[in-house]
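# Working through the structure, step by step
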Amino acid sequence: MELNYSPEELAFRDEVRSWLRENLPEDLRTKVERYEGLSREDLIRWHKLLASKGWAGPAWPEEWGGPGWDATQRYIFEEECGFAGTPPLVPFGLSMCAPVLMRFGTQAQKERFLPRILNADDFWCQGYSEPGSGSDLASLKTRAVRDGDHYVVNGQKIWTTLGHYADWIFCLVRTDSNPRIRQEGISFLLIDMKTPGITVRPLILMDGHHEVNEVFFDDVRVPAENLVHEEGKGWTVAKFLLGHERMNTGRIGVSKRELAQLKELASRQPAGGGRTMMQDSRFRDRMTRLEVELQALEITNLRFLDQLRGGKAPGAEVSMLKLRGTEIQQALTELMMQAVGMQAAAFAPDGLQQAGELDTLTSNLAARYCNFRKTSIYAGSNEIQRNIIAKMTLGL
Ligand SMILES: Cc1cc2nc3c(=O)[nH]c(=O)nc-3n(C[C@H](O)[C@H](O)[C@H](O)COP(=O)(O)OP(=O)(O)OC[C@H]3O[C@@H](n4cnc5c(N)ncnc54)[C@H](O)[C@@H]3O)c2cc1C
């Protein structure tokens, strides 16, 4: 097994690193590092910068404008971006809808949508979950009834991340209400968010921010040409897409940067004097364990890469990356809170910040902690990932 990068891979890493150093706008990097909210414009600005370099679709084939990188290069790129503190590339268009279109779309759909996704001309969101249909996705009820050359859609989606920024939504809808088994009779539709009958309502999370939404469909007419794959075969598309969704949840580069940030926070002298958290042996113990777990996750990732180099596609193992990656991300937010002590308790500390007692990073830690409870829920909850590992890997 080869767990080290080859000289060519190291040269590639250096190329990515130096490009990021020169091209990542300082204001965006600062926002990311201090956990400030990113606007639609921020996200699109970064996406377009990468698109101009030909790096916006790391996993895209050259045929559709991608760089044609192999799995190791993609991994290196993602980790370097995470470590440098770039804004995320919003996955819904680039790494969810696009692979689906490449695999199942008609030529006309590919030509219409793919270039616009790559260039961030359209902002996409994901319409899978519904009230009561999250883990049990196949129970979804949003209906699409064929009416001439349109489908008429009625129902509701929930937890739609960045739906308020989106131009398009890809949806799982029920086109047959009496299927033999529930996984049948589901279809995959592309819906223009400007279509009459769509209402987007914000859901404010416990961090106080607007990130997710409810999306309601009332007699929304969708051209039948926006159906992807065959009618009733949407479950095949859904399963294909979920594999892609979980590939990117390890986020090792981001966690490495945050670990460095944690060490810096823990080394700060408390306002009233006294020992730093770094001098506390119990704190150091927790932090060191986390660092070791992060290293173990990185090595696990490199092991999968080695398999990929040998032509073996990852299967249920992807669930391990999601599980451990998100546990580490959450533990980092907990330790950061602990590192700043009393100051972390200030949830909306405008007064303290104005008084110059809190920097932007510290004042955003509590909100970040609350926000990151989501990571063990989305992209298939961690309990569901454990079920997958038990079934597929351990044979239970
Ligand atoms: C911040 C955030 C963003 C999201 N963004 C999107 C998005 O953009 N698009 C979208 O479609 N969805 C999105 N989701 C929805 C997400 O996919 C669902 O929340 C997730 O699938 C869980 O479904 P649920 O909320 O209905 O919970 P449930 O499925 O009701 O689960 C409740 C609890 O029961 C556990 N559980 C359920 N079934 C089992 C089982 N079989 N075995 C063991 N435990 C089980 C779960 O792990 C969980 O702890 C988002 C969610 C969050 C929190």
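Residues numbered from 1 in each chain as written. Predicted model: local features only at pLDDT ≥ 70, side-chain atom pairs only at ≥ 80, totals over all residues. Heavy atoms only, no water.

## Regarding the packing of helix α1 (residues 7-23) against helix α3 (residues 40-53)
Quick reminder of the rule: The axes are straight lines fitted to the C-alpha atoms, using for helices just the contacting stretch, and the angles between their N-to-C directions are given from 0 to 180°. Each helix is a run of DSSP H or I of at least 4 residues and each strand a run of E of at least 2, with the numbering of both proceeding from the N terminus. Should an angle fall under 35 degrees it is called roughly parallel, over 145 degrees roughly antiparallel, and 65 to 115 degrees roughly perpendicular, with every other angle called oblique. In a left-handed crossing the near helix is turned counterclockwise from the far helix by less than a right angle, and in a right-handed crossing that turn is clockwise. By the convention used here, residues are in contact when the closest approach between their heavy atoms is within 4.5 Å. Following the grouping adopted for this structure description, the nonpolar residues are Ala, Val, Leu, Ile, Met, Phe, Trp, Tyr, Cys and Pro, the charged ones are Asp, Glu, Lys and Arg, and the polar ones are all others, Gly among them.
With their axes 12 Å apart at the nearest point, α1 and α3 run at an angle of 130 degrees to one another. Comparing the axis directions of α1 and α3 gives the class oblique. You can see that α1 and α3 cross each other, and the crossing is right-handed. In contact with Trp-19, Leu-20 and Asn-23 of α1, α3 contributes Trp-46, Leu-49, Leu-50 and Lys-53. For the contact of α1 with α3, a count of residues per class yields five nonpolar, one polar and one charged.

## Examining the site of the ligand
Where we set the bar: Distances are taken per atom, and a residue is near a molecule or strand as soon as one of its heavy atoms is within 4 Å of it. In protein, a polar contact means a hydrogen-donor-capable atom and an acceptor-capable atom, both N or O and within 3.5 Å, with residues adjacent in sequence counting only if both atoms are side-chain atoms; elsewhere, any N or O pair within 3.5 Å suffices. Note on areas: Shrake-Rupley with a 1.4 Å probe; residue coverage comes only from the protein chains shown. Each domain's limits were defined by an automated method or a database of domain assignments.
Taken together, 17 residues sit near the ligand, with Ser-135, Trp-159, Thr-161, Ser-381 and Glu-383 positioned nearest. Residue Gly-134 places a main-chain N or O atom 3.5 Å away from an oxygen atom belonging to the ligand. Contact between the ligand and Asn-387: a nitrogen atom at 3.0 Å from a side-chain N or O atom of the residue. Contact with the protein chains hides 66% of the accessible area of the ligand, taken as 970 Å² for the molecule alone. The element that contributes the greatest number of residues to the shell around the ligand is helix α13 (residues 382-393), accounting for three residues. Tallied by class, residues from the shell around the ligand come to seven nonpolar, eight polar and two charged. When we break the shell around the ligand down by domain, the ones giving at least three residues each are domain 2 (124-233) and domain 3 (249-393).

## Topic: the packing of aromatic side chains
To be explicit about the condition: Note on aromatic pairs: the rings of Phe, Tyr and Trp (six-membered ring only in Trp) are paired at centre separations within 6.5 Å, and the planes decide the class, stacked below 30 degrees, edge-to-face beyond 60, tilted for the rest. Here, over-ring charges are defined by two tests on the NZ atom of lysine or the CZ atom of arginine: distance to the ring centre within 6 Å, and angle to the ring normal within 35 degrees.
Taken as a whole and judged by the stated rule, the model has 14 aromatic pairs. Both rings, one in Phe-12 and one in Trp-69, keep their centres 5.1 Å apart while their planes meet at 75 degrees; by these two values the pair is edge-to-face. On the criterion of sequence distance, the pair formed by Phe-12 in helix α1 and Trp-69 in the loop between α3 and α4 (71-84) is long-range, its members being 57 residues apart. Members of the aromatic cluster, each reached through a chain of ring pairs, are Phe-12, Trp-19, Trp-46, Trp-55, Trp-69 and Phe-77. If you follow Arg-146 out to its NZ or CZ, it ends over the ring of Tyr-151, 5.3 Å from the centre. The residue whose ring lies beneath Arg-368 is Phe-372, and the NZ or CZ to ring-centre distance is 3.8 Å.

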